[in-house]
Amino acid sequence: MHSWPGTEEAPGVVRCHEHGLEAVRAINAHGSLLVFCHGAQLVDYTPEGRAPVLWLSRQSRFENGVAIRGGVPICFPWFGAHASDPKKPAHGFARTRPFRYLGSSLTLGTTKVSFELVADEATRALWPFEFRACLHAVLGPELVVEFEVENRDQRELDFEEALHTYFSVGNIGQVALEGLEGAGYADKVAGMSALQRESRLTFTSETDRVYQSSAPCRIVDGARGREIVVDKSGSATTVVWNPWIEKARRMSDFGDDEYTAMLCVESANTGDARVRLAPGEKHVLRVTISG
Ligand code: TA6
């Protein structure tokens with residue numbers, strides 16, 4: 001197993017700073033992971049003896065108020081552009097807010113690290129509701145990521161959410177995505193809706209599709225000879241995104257050639273699948289990743 005600079009606060013749990021931001025590294029026999037307190041963003045998951053499963057742009061910025069390009073950004077309490085106010089941040093505010101590290105727990109060889117974001121003046125200015133949101137990452141035989149939202153308001157909470165996961169692939173041109181057959185989707189590139197008829201989705205151009213699907217997906221990475229399985233619960237939407245050449249070029253935090261090395265398969269609840277919570281209710285979006 002590796003060792004990382006920082007302060008070990010529990011066996012295999014190291015509090016550290018990376019790129020100038022506070023982070024927590026968990027290491028055990030199953031591998032390692034790294035989560036920034038900034039947005040509670042998981043940026044590395046490397047199973048023991050295997051290649052990193054998540055992709056992180058070499059041009060990502062690590063600054064307060066700016067989203068990290070890669071890993072598992074949390075989109076909350078809306079997905080994409082705000083429905084009525086273009087001045088509000090895309091994908092909500094969670095991914096650019098500082099979460100509080102709650103600590104770790106070790107059970108039967110797995111390591112769980114947890115983070116929380118509670119409504120404050122900054123969030124109320126963007127979304128005037130009381131809530132508590134937690135991110136839990138569990139390093140075990142698989143990676144489990146949970147995004148839990150609690151309604152601490154007297155009113156109903158109505159929100160969208162996504163674990164906007166960037167997966168590392170050897171070459172997008174040799175990748176097939178399975179599991180979405182039969183699902184309806186909105187194609188944001190073509191501006192139309194359709195039904196996924198083929199059992200395998202392959203990639204030859206910019207792809208940005210929002211599927212109505214609760215099904216597990218399998219990323220078949222031909223170049224690396226690897227399959228990544230993305231299973232989930234509490235999620236009725238799967239978003240599939242690759243920016244391809246032109247969009248990659250337009251993003252300053254995305255290398256021009258990096259589109260070939262990544263694929264977003266996002267576990268979400270968006271649009272008609274948005275979440276509504278009565279006061280005191282909780283909802284958990286859970287993703288289980290094996291790669
Ligand atoms: O999930 C796909 C998407 O909504 C794309 O339309 C693209 O905007 C992507 O998210 C990245 O958004 P970001 O705000 O992180 O640049």
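My aim in this report is to walk through the structure given alongside it, one point at a time. None of the values given here were measured: they were computed from a predicted structure.

Here's the deal with the overall build of the chain
Along its length, the chain carries two helices and 24 strands. For the chain, the C-alpha radius of gyration of 18 Å lies close to 19 Å, the compact-globule estimate for 291 residues. Structurally, the chain occupies a C-alpha span of about 50 × 50 × 35 Å along its principal axes. Sequence separation of at least 24 residues holds for 62% of the intrachain contacts in the chain that already meet a minimum separation of 6. With the model as given, the accessible surface of the chain reaches about 12300 Å², and the carbon-plus-sulfur share is 48%. Seen as two clouds, the 31 positive and the 38 negative side-chain charges of the chain have centres 1 Å apart.

Re the side chain of Glu150
Position of Glu150 among the secondary structure elements: in strand S10 (residues 143–151). Glu150 gets classed as buried once you look at its relative accessible area, which sits at 15%. Other than its neighbours up to four places away in sequence, Glu150 contacts Glu130, Phe131, Arg132, Leu157, Glu281 and Lys282.

Observations regarding the sheet that holds strand S8 (residues 110–118)
Strand order in this open sheet of nine strands is S7-S8-S9-S10-S24-S20-S19-S14-S17, and the pairing throughout is antiparallel. Here the strands that pair on one side only, and so sit at the sheet edges, are strand S7 (100–107) and strand S17 (200–202). Between one strand axis and the next, the sheet turns through 15° on average, direction left out of account. Sheet topology places S7 next to S8; seven bridges connect them, and they run antiparallel. Directly across from Ser104, in S8, lies its bridge partner Val113.

Things to note about the nonpolar core
Counting 71 residues, the largest nonpolar core has Phe76, Val113, Phe115 and Ile219 as its most contacted members. With five residues, strand S9 (residues 131–139) is the largest single contributor of residues to this core. Judged by nonpolar contacts, the second largest core, of 10 residues, contains Cys16, Ala23, Ile27 and Leu34.

Some thoughts on the packing of aromatic side chains
Aromatic ring pairs: the centre-centre distance and the angle between the two ring planes describe each pair. Counted under the stated rule, the structure contains 17 aromatic pairs. Between Tyr101 and Phe115 the ring centres are 5.3 Å apart and the planes differ by 45°, which places this aromatic pair in the tilted class. You can see Tyr101 sitting in strand S7 and its partner Phe115 sitting in strand S8, a full 14 residues away along the chain. The class for Tyr101 is buried, based on a relative accessible area of 9%. Overall, the relative accessible area of 0% leaves Phe115 in the buried class.

What about the sheet that holds strand S5 (residues 41–47)?
Strand order in the open sheet formed by five strands is S1-S2-S3-S4-S5, with antiparallel pairing between adjacent strands. Lying at the two open borders of the sheet, with one neighbouring strand each, are strand S1 (7–10) and S5. Shown here is a sheet whose adjacent strand axes are inclined to one another by a mean of 25°, direction ignored. Sheet topology note: the strand S4 (residues 31–36)/S5 ladder contains six bridges and is antiparallel. Looking at the pairing, Phe36 lines up with Gln41 of S5.

Quick word on the environment of Ile289
Along the chain, the position of Ile289 falls in strand S24 (residues 282–290). Judged by its relative accessible area of 1%, Ile289 falls in the buried class. Placed 278 residues apart in sequence, Ile289 and Pro11 show a C-alpha to C-alpha distance of 23 Å. Other than its neighbours up to four places away in sequence, Ile289 contacts Tyr45, Val53, Glu142, Leu143, Thr165, Phe167, Ile228 and Val229.

Conventions used here
- Residues numbered from 1 in each chain as written.
- Predicted model: local features only at pLDDT ≥ 70, side-chain atom pairs only at ≥ 80, totals over all residues.
- Heavy atoms only, no water.
- Helix = DSSP H or I, 4+ residues; strand = E, 2+ residues; numbered from the N terminus.
- Rg over C-alpha atoms; globule rule 2.2 N^0.38 Å.
- Contact = heavy atoms within 4.5 Å.
- Areas by Shrake-Rupley, 256 points an atom, 1.4 Å probe, with all protein chains shown as cover.
- Lys, Arg positive; Asp, Glu negative; His and termini not counted.
- Charge placed at Lys NZ, Arg CZ, Asp CG, Glu CD.
- Buried < 20%, exposed > 50% of the residue type's maximum accessible area, 1.4 Å probe, protein only.
- Pairing = 2+ DSSP bridges.
- Axes fitted to C-alpha atoms, helices over the stretch in contact; angles between N-to-C directions.
- Core = buried A, V, L, I, M, F, W, Y, C linked by side-chain atoms within 4.5 Å.
- Phe/Tyr/Trp six-rings, centres within 6.5 Å; stacked < 30°, edge-to-face > 60°.

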